[in-house]
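Here is what each chain is made of, one letter per residue.
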Amino acid sequence: MNWIDHEYLVTVMIGNSREGALVAKRIYKLTQKRTHVFAEKFSLLQRFKYITHKVDPWRDFLVIESLIAFAQSLEGYHFPVLISCNESSQKLIEKYSEILDCYYVSVKACDITEY
C-alpha cells in the first residue's frame, strides 16, 4: 500500500509558499482531502483552501511544538505525513528530524508529483 492511498491520511505542510499551494492542489485531486498548513499568516483564499494553523511569532521551536501538539491530538489510526515543499521547510524538518520522525512520515513534494 502506498502512503497516499492510506484511508486516514493527514497531510501537513510548513509555510504557505507557491510550491505548497501546487502540492496541496495535487493532494486534493488525488485524495479529496484538504492539507493542514502551518504558517505565520494566511490570505482569505488560503483559509478556504487549507486547514490553517497559525504560528505567530514564527520561530523554529514554536513551529516544532505546534506540529507535535497537532500530531498528538490526532487519533491513533490517523497517518500524518509532513511534506517539505521548499528548501527552508526541508532544512527545518531535517534539523528536527529526530523528534518529528516520532510523529510524522516525512516526504518531499517531488514524491507526490510522481503519482
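Residues numbered from 1 in each chain as written. Predicted model: local features only at pLDDT ≥ 70, side-chain atom pairs only at ≥ 80, totals over all residues. Heavy atoms only, no water.

A.B. asks: What exactly am I supposed to notice about the overall build of the chain here?
C.D. replies: Secondary structure summary: the chain contains six helices and five strands in total. Taking 13 Å as the expected radius of gyration for a compact globule of 115 residues, we find that the chain reaches 13 Å, a close match to that expectation. Within the span of the chain, comprising 115 residues, buried residues form 40% of the whole. Within the chain, residue pairs in contact and separated by at least 24 positions form 62% of the contacts whose partners lie at least 6 positions apart. (Helix = DSSP H or I, 4+ residues; strand = E, 2+ residues; numbered from the N terminus. Rg over C-alpha atoms; globule rule 2.2 N^0.38 Å. Buried < 20%, exposed > 50% of the residue type's maximum accessible area, 1.4 Å probe, protein only. Contact = heavy atoms within 4.5 Å.)

A.B. asks: Teacher, can you tell me more about the pairing of strand S2 (residues 36–39) here?
C.D. replies: Residues in a regular strand project their side chains so that they alternate between the two faces of the sheet. Burial along S2 is two-sided: His36 and Phe38 facing one way and Val37 and Ala39 facing the other are all buried. Tracing the backbone out of strand S1 (residues 9–14), into helix H1 (residues 18–31) and back to the parallel element S2 gives a crossover that is right-handed. Bridge count between S2 and strand S3 (residues 51–54): four bridges; the pairing is parallel. Counted as the bridge partner of Phe38 is His53 from S3. Each parallel crossover has a hand, and for S2 linked through helix H2 (residues 44–49) to S3 it is right-handed. (Right-handed = clockwise from strand over helix to strand, strands pointing away. Pairing = 2+ DSSP bridges.)

A.B. asks: I tried to follow the pattern of salt bridges on my own but got confused; where do I start?
C.D. replies: It is possible for side chains of opposite charge to pair when their charged atoms get near one another. For the coordinates displayed, the defined rule picks out two salt bridges. A salt bridge links Asp60 to Lys95; its shortest N-O distance comes to 3.6 Å. Here Asp60, found in helix H3 (residues 60–73), pairs with Lys95, found in helix H4 (residues 87–95); they are 35 residues apart in sequence, far enough to count as distant. Taking the relative accessible area as the measure of exposure, Lys95 reaches 57% and is therefore exposed. A salt bridge links Lys91 to Glu87; its shortest N-O distance comes to 3.2 Å. (Salt bridge = Lys/Arg side-chain N within 4 Å of Asp/Glu carboxyl O.)

A.B. asks: What is the right way to read the sheet that holds strand S5 (residues 105–108) from this model?
C.D. replies: Two modes of strand pairing occur in sheets, parallel and antiparallel, and in both the strands are linked by backbone hydrogen bonds. If you walk across this open sheet you meet the five strands as S3-S2-S1-S4-S5, and the pairing is parallel. Looking along the sheet, the strands with just one partner apiece sit at the ends: S3 and S5. For this sheet, the mean angle separating the axes of adjacent strands, direction not counted, is 25°. Sheet analysis places strand S4 (residues 79–84) next to S5, joined by four bridges and oriented parallel. Bridge pairing links Ser84 to Lys108 in S5. Along the sheet face, H3 touches S1, S2, S3 and S4 and points at about 170° away from the line of S1. Strand contacts of H4: S1, S4 and S5, with the helix running at about 125° to S4, the strand carrying the most contacts. (Axes fitted to C-alpha atoms, helices over the stretch in contact; angles between N-to-C directions.)

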